[in-house]
Amino acid sequence: DIESVLAPKDAITGTEEAEGNQQGHREKVEHYLNHALEGNKELYSSIFVTDLNGSIAASASLDNSEIEHAMKMINIDEIKASQKQWISDAYLSMDDKTAFVLVGTPVVSEEGNMVGAVIQVVNLNNLTTKIVSRSSDANYAYSIFNKDGIIISHENKDYVLKLDLSKENESLEKLIGEMKVNKK
């Protein structure tokens, strides 16, 4: 059904029946996406299907404004070029309270051609809460940071995507510098 939703418009035009079939496929796909989202709303904010131009063909979302925000972060050309799963850099929601990451997975036709992508908007705050939570006897907090030393998860949400650990002290600056040099 996803491939049918992503069929080029000129391949289905000509009859009302063909266009109605595509709409029926879209409704089935959106029903499936809504079911997947409902069962995983702690993890996902949105799940949507894009065509090769990055236009949304079907979607399910807890907040439609976040889909628009996520669309600015998608790199459909990178997904097309690699034909492999793609993960975005972390970014903040429009209200600056929630960190998200996008996971894009190519949709491939039976002939082996990429026809679009399924994009999941993953809530990093919810995904990493247990990892960065401080135990009752600890006097320190854990954090997760990206390749540049920017915190992407911390119990203090004010630090998320705002605190650069490489600028906090000389030891962290050296460690993050070594990570950048040694990344492969």
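Residues numbered from 1 in each chain as written. Predicted model: local features only at pLDDT ≥ 70, side-chain atom pairs only at ≥ 80, totals over all residues. Heavy atoms only, no water.

**Description of the nonpolar core**
Piece 1. Counting 19 residues, the largest nonpolar core has Leu-33, Ile-47 and Val-49 as its most contacted members.
Piece 2. The element best represented in this core is strand β5 (residues 99-108), accounting for four residues.
Piece 3. Leaving out residues up to four positions away in the same chain, Leu-33 has contacts with Ile-47, Phe-48, Val-49, Ala-58, Ser-59 and Ala-60.
Piece 4. If you look at the next biggest cluster of nonpolar residues, it comprises 14 residues, including Ala-70, Phe-100, Leu-102 and Ile-119. (Core = buried A, V, L, I, M, F, W, Y, C linked by side-chain atoms within 4.5 Å. Buried < 20%, exposed > 50% of the residue type's maximum accessible area, 1.4 Å probe, protein only. Helix = DSSP H or I, 4+ residues; strand = E, 2+ residues; numbered from the N terminus. Contact = heavy atoms within 4.5 Å.)

**As for the pattern of salt bridges**
Piece 1. Using the criterion set out here, one finds five salt bridges in the structure.
Piece 2. Measuring nitrogen to oxygen at the nearest pair gives 3.6 Å for the salt bridge that ties Lys-147 to Asp-89. Of the two residues, Lys-147 sits in the loop between β7 (143-145) and β8 (151-154) while Asp-89 sits in the loop between β3 (86-87) and β4 (91-92), which places them 58 residues apart along the sequence.
Piece 3. Note on Lys-147: relative accessible area 40%, which makes it partly exposed. (Salt bridge = Lys/Arg side-chain N within 4 Å of Asp/Glu carboxyl O.)

**Considering the side chain of Thr-98**
Piece 1. Among the secondary structure elements, Thr-98 is positioned in the loop between β4 and β5.
Piece 2. If sequence neighbours within four positions are ignored, Thr-98 has contacts with Tyr-91, Leu-92, Ser-93, Asn-123 and Asn-125.

**Topic: the confidence of the model for the chain**
Parts of the prediction with low pLDDT should not have their coordinates interpreted in detail.
Piece 1. Averaged over all residues, the pLDDT of the chain equals 81, while 85% of them reach at least 70.
Piece 2. The element-level mean pLDDT for the chain is lowest in helix α2 (residues 9-12), coming to 42, with strand β6 (residues 114-123) highest at 92.
Piece 3. Per-residue pLDDT stays below 50 along residues 8-13; that stretch engages in seven contacts with residues further than four places along the chain or on separate chains. (pLDDT = per-residue confidence, 0-100.)

**With respect to helix α6 (residues 124-132)**
Every α-helix winds through 3.6 residues per turn, so residues three or four apart in the chain are directed the same way.
Piece 1. Within α6 the residues assigned to the buried category are Leu-124, Asn-125, Thr-128 and Val-132. For α6, the buried positions fall inside an angular range of 90° around the axis, keeping them on one side.
Piece 2. Here the buried face of α6 lies against β5, β6, β7 and β8.
Piece 3. One side-chain oxygen at the N-terminal end of α6 lies 2.9 Å from the backbone nitrogen of Asn-125; it belongs to Asn-123. (Arc of directions from axis to C-beta. Polar contact = N/O pair within 3.5 Å; in protein donor to acceptor, adjacent residues only side chain to side chain.)

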